[in-house]
Amino acid sequence: MKAKTLSPEKDKKNINHIPMDASEKVAEIIAYVVLVLLALMAILPCLHVISKGISNGTAVAAGSVIFWPVGFQVEAINYVFTRTAFFTSLKNTLIITVVGTAIAMFTTVTTAYPLSRSDFKGRRFVTLLYVISMVFFGGIVPAYMVVKTIGILDTYWACILPFAIVQFNMFIVKNYFEGLPTEVEESASIDGANDIRTLWSIILPMSVPVLATVALLYAINYWNNYFHVMMYTSSASMKTLQLYLYDIINNSAAITESLYSTSFEGTNYAQNITTEGLNAAAVSMSLVPIIAAYPFVQRYMISGITVGSVKG
Amino acid sequence: MKKLVSLLLIAVLALGMCAAASAELLGPGNVTLKRLSYTCPWDPNNDYMVPIMKEATGYDVDFYALPSNDADNKLMLEVGGGADYDIVTVNINQWRMLLAAGALMPITDLLNTYGQDILAGNTDEVWATLTQDGDIYGMPYMYPHSQEITSFLVCRKDLLNAAGITELPKTISGFYDMLVALKNFYGDQYIILTGPLVAASEGNDSWRIPKCITSAFGIYSDWMVEDGKVIYASESPKFVEMMNFFNKLYTEGLIDVDWAVNSESAVQEKFVSGKAIICCGSRALVNFTTAAMIDQLHISMDDLCYINPLYGDDGVCTYQESEAINQVSCVLRNAKHPEDAINWINTKVQNQLFINIGVEGVHFTYDEVGQISPINPIFANERGDSYYYIDATNAADYQFQWPSRIRKSAGQWHAFNATTITNPDLSIFVKNYFKFMPASEAYATNNTALYSSLQDLILQMMAGVKTEADLATFANDFANNDGEEVRAELQAYYDSLAK
Amino acid sequence: MQVKKKAASAVPIRARKGAIHRFFVYFARHPLLYLMLIPGLFFLCVYKFWPLYGIQMAFRKYSLFAGNNPMDSIAKSQWVGWKNFNKLFNSSQFSLVVSNTLIINGMKILFLFPLPIICAILLNEIRRATVRKTLQTAIYVPYFFSWVMIFGIFYSLLGSYGPLNSAIVALGGERVRFFTDTKWFRWLLVFSEGWREIGYNTVIYMAAIAGVDQVLYEAAKVDGAGKWKQIWHVTLPGILPTIVLMLILKVGYILDTGFEQVLIFYNPTVYSVGDIIQTYVYRLGMGKMDYSQSTALGLFNSVVAFVLIVGANTVSRKTLHRSIW
């Protein structure tokens, strides 16, 4: 029954089953044109940043680097790797993202499932609680004090637990669960499966794409979290990648200032490390893990769920 | 009521402090101190300066840095939540907030016992600033050079000469004539003057128009004193004339059209790439641009020249002294090791030359006139970061030691020499009356917002979005945002000085 | 779908009598469902509802050091009633910044809301998996740039002396001051927001499309529906719940978004078109650490958002038979 709910070979199937008609070809051509344009618009500025990170420092300062490196140096990246807390912050962010996403997925799924069931008593009340908590915020002072009172200030938990359920993500999952045919659940309960079993072995296998997507949204949320993490941590060893990036960007002028020296014979030391170049190096290095991890998540985000076959 | 509450609070805290204060000096090696300071671009615990300070003082210290954004919020929340840093090194405004909140420990006795070198290193006038009700609450790090030209204009001499300009202007009308001559000669080929120079941090010195031009209109600061009366820059008799001048430059295309948007790096970029002829400058800017221009544009250092503060056509030129307290180091009431904190800072002052500048023959030599000359690049590589770890200093010694930090960069020294050292006219300097003003509430609370709206007004009038007619609205908003309360405080302080 | 609608219409009729009794019957039959809610509700209560205690700061003159600790200080700070709100509403600029906020965020909804939907549908039309994945990765990367970086990138490309303007001048045009011209500034905000967020939102719609039953497409094809009809009759209805959810939230937060972006992009010459509520209050509060004022603004925005969300949800329930709760 749960065997063929997901069919990764959808691509092949689409082509094999019914021949492509003209409208499909047109749609695909439009898709290519629009998306390639969009992708270029997204990628070119990124190239701009990466090129700045590895271009000759004075060329960066002169603004002559646009989409392609001018000259080449790795001193800025070397500085980022050796002198700054890049790897510590990367490690912290990875731990927070992985553990946080796991916890958040658990709470999200367990919350979304009861709330998605139309027969669930108390559904409207609990859902409304989530809407209210999404809209109202007490401010940073009480939020800080709650974290302090619980005793998790300046630990990983302070960066994980307060964000362990994001209402919006919960609604996305709930929406998806609601779209699943109720017959499936009913047949399961006739088979004598309890609610946890139904969720685990019937609902979740049918929801892989949305789970992958929401996991991605959580991961992005943890990865990008800046303000609260800044407030809840204070040790240099707890710094996350976002804090690190802001500190580099806001301080790069101070870094170049203290690094910079010139002999009176005119030899310039450290001229390859410039404010802009340093920012660019730090930012591009921080993008590497994201770009590397995305394809793995994407494998599960494919469409092609065939719920109908279950019914049939 | 409020006073009563804060008195009670102070009493409670003081009781707690008595328990803490009974602790004794544990000495180096037996204690790890906690120091919190402003944002740090590198990992403050993983820097070559850490072992150097350990070598000199014997103390282990954990360094904590405030974030680069929202530093005030974070500082006050942590302190309010009961943080126990031994040393907090912050700017004077943050120190005033901490003092007003009753978060600081009086350190007079500690200084007498463990901090003799710190005490001796600064003048009574400075200590008076950091004293409240007879007790000292902070240790100063003084700005090392009091009569520095911090704002000037850097010019491409080669381009000036090509356009037939050989003499740099001294007056405001001469300056205007030069800009027009350059425009007539080069047309749209170059940006004639680019700016402004806004430091990354929003200090009170980041004016949106260069002070070396406002000097010609007698305007040198946001708060000024005229005939014994404290006035705001916008109320100065020549403010409108000044803004009309800048508006004229803007509409005639003599200055960068992106003036209101330019970040520091955008200004640098335009100058280094050779797109601009004149650039609003500062030490920090030329430190970097000069070397980059030599590399990119194949010019030499002698192709750069500097315009000092301009004189009005009536001969007026006013420029504010830069002397002030850079930072204050203080001890929190919850600190666990106040004795060792003071002792550590005192030992650092004793070893000031070694820690901040280095070893003679290795990091620096004395030149023929006895000044410290750095040896590059080892000076930058092994002492470049020392500024971040400075707490209190021996001010007189540091005034002598500090110029070596400028000399580590030839471009910076070139400009410093041309503007500050060889500038003969010291009569342009106006005393900063308020530099040692003690903590005052309205000023600490409101001045940042007032300052920011003044800078907005300046940019708006320059771009012609606002005109003289809008000054009344500005004055109105100024009053609504407690500007008059701030003025009253400043006036009262000024009057007390005059006595 | 069918079953759900039936249940929903059935509730009001039977609701009044024995509701509590029926709750317990249901509870006894499905205790695990209630158990499942506990982790989420735990985090909700601790990290969302407990801090709501601080909302009273909007009606007080909060002083961080009024009590033993910042939380204690909340109740010990002076009660000032509506003063913080009056300061906000009575300021001379208030109507200007409210209308700017509505216009800027309205433009963003109008022009940017449909784009991720279109992108997701188009992405789905690309059959070659590697190409699809590459494109998807590419358009989602900008979301990871902070606004500071994005401003830097946009300024170096669109600045008055940047490459785009050089090209315009070379072609005989006039320089366009994208950053200081009041005619262009809002479009700059819309464009840069789109650049950053389209990819991210596309991901959400991709998930929704993945949930559309493939059998429906097969059936549509058998009925002879072309691509456009399939999109119109199968895809769009399939992702409608997500579209509605997103739209309701977007409309709800119309007063409450865009702060960081505007703060970094604007400058005093474009205040007349670019200054929004939050940037204005931010400037007024600079250096003051006025938590009460910012809590008052937050509360005002929250109430507006709540009213708008409830309103939009009601409209959606009446017209589309979709409700968030």
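Residues numbered from 1 in each chain as written. Chains lettered and ligands numbered in written order. Predicted model: local features only at pLDDT ≥ 70, side-chain atom pairs only at ≥ 80, totals over all residues.

Draft legend 1. Broad picture of the overall build of chain B. Broken down by element type, chain B carries 22 helices and 17 strands. For chain B, the C-alpha radius of gyration of 24 Å lies close to 23 Å, the compact-globule estimate for 499 residues. Taken over the C-alpha atoms alone, chain B extends approximately 75 × 60 × 40 Å along its principal axes. Burial statistics for chain B: of 499 residues in total, 49% are counted as buried. (Helix = DSSP H or I, 4+ residues; strand = E, 2+ residues; numbered from the N terminus. Rg over C-alpha atoms; globule rule 2.2 N^0.38 Å. Buried ≥ 20, exposed ≤ 12 C-beta atoms within 10 Å, placed from the backbone.)

Draft legend 2. Representation of unusual backbone geometry within the structure. Cis peptide bonds are those with omega within 30 degrees of zero, and the linkage from B:Gly195 to B:Pro196 qualifies with -5 degrees. Along the chain, the position of B:Pro196 falls in the loop between strand 8 (191-194) and helix 10 (211-214). The linkage connecting B:Asn376 with the following residue, B:Pro377, adopts the cis geometry, with an omega of -5 degrees. Structurally, the position occupied by B:Pro377 is in the loop between strand 16 (372-374) and helix 16 (378-383). Of note in the backbone geometry, C:His321 takes a positive phi value of approximately 55 degrees without being a glycine. Position of C:His321 among the secondary structure elements: in the segment after helix 17 (291-320).

Draft legend 3. Geometry of the domain arrangement of chain B. Examined at the domain level, chain B breaks down into domain 1 (2-142 + 324-393) and domain 2 (152-320 + 412-433). Here the C-alpha centroids of domain 1 of chain B and domain 2 of chain B sit 36 Å apart. (Domains from an automatic or database assignment.)

Draft legend 4. Layout of the interface of chain A and chain C. Counting residues at the interface gives 91 residues for chain A, matched by 84 residues for chain C. A per-element tally of the side of chain A that touches chain C places helix 2 (residues 22-54) of chain A first, with 18 residues. Across the side of chain A that touches chain C, the residue classes break down as 58 nonpolar, 23 polar and 10 charged. (Contact = placed C-beta atoms within 7 Å. Nonpolar A, V, L, I, M, F, W, Y, C, P; charged D, E, K, R; others polar.)

Draft legend 5. Region of interest: the sheet that holds strand 6 (residues 139-142) of chain B. All names here are of chain B. Read across the sheet, five strands follow the order 2-1-3-14-6 without closing on themselves; strand pairing throughout is mixed. Each of the sheet's edge strands pairs with one partner strand only, and the pair in question is strand 2 (60-65) and strand 6. Here the strands of the sheet are splayed against their neighbours by 20 degrees on average, with no regard to which way each runs. Two strands pair when backbone bridges link them, and strand 6 and strand 14 (residues 325-330) are joined in this way by four bridges, in the antiparallel orientation. The residue bridging Met-139 from the neighbouring strand is Ser-329, located in strand 14. (Pairing = 2+ DSSP bridges. Axes fitted to C-alpha atoms, helices over the stretch in contact; angles between N-to-C directions.)

Draft legend 6. Molecular detail of the nonpolar core. Residue and element names in this part refer to chain B. Counting 304 residues, the largest nonpolar core has Leu-153 and Val-154 as its most contacted members. Both domains that meet at this core, namely domain 1 (2-142 + 324-393) and domain 2 (152-320 + 412-433), each give it at least three residues. With near-sequence residues (within four places) excluded, Leu-153 lies in contact with Pro-210, Cys-212, Ile-278, Cys-279, Cys-280, Gly-281, Tyr-306 and Ile-307. (Core = buried A, V, L, I, M, F, W, Y, C linked by C-beta atoms within 7 Å.)

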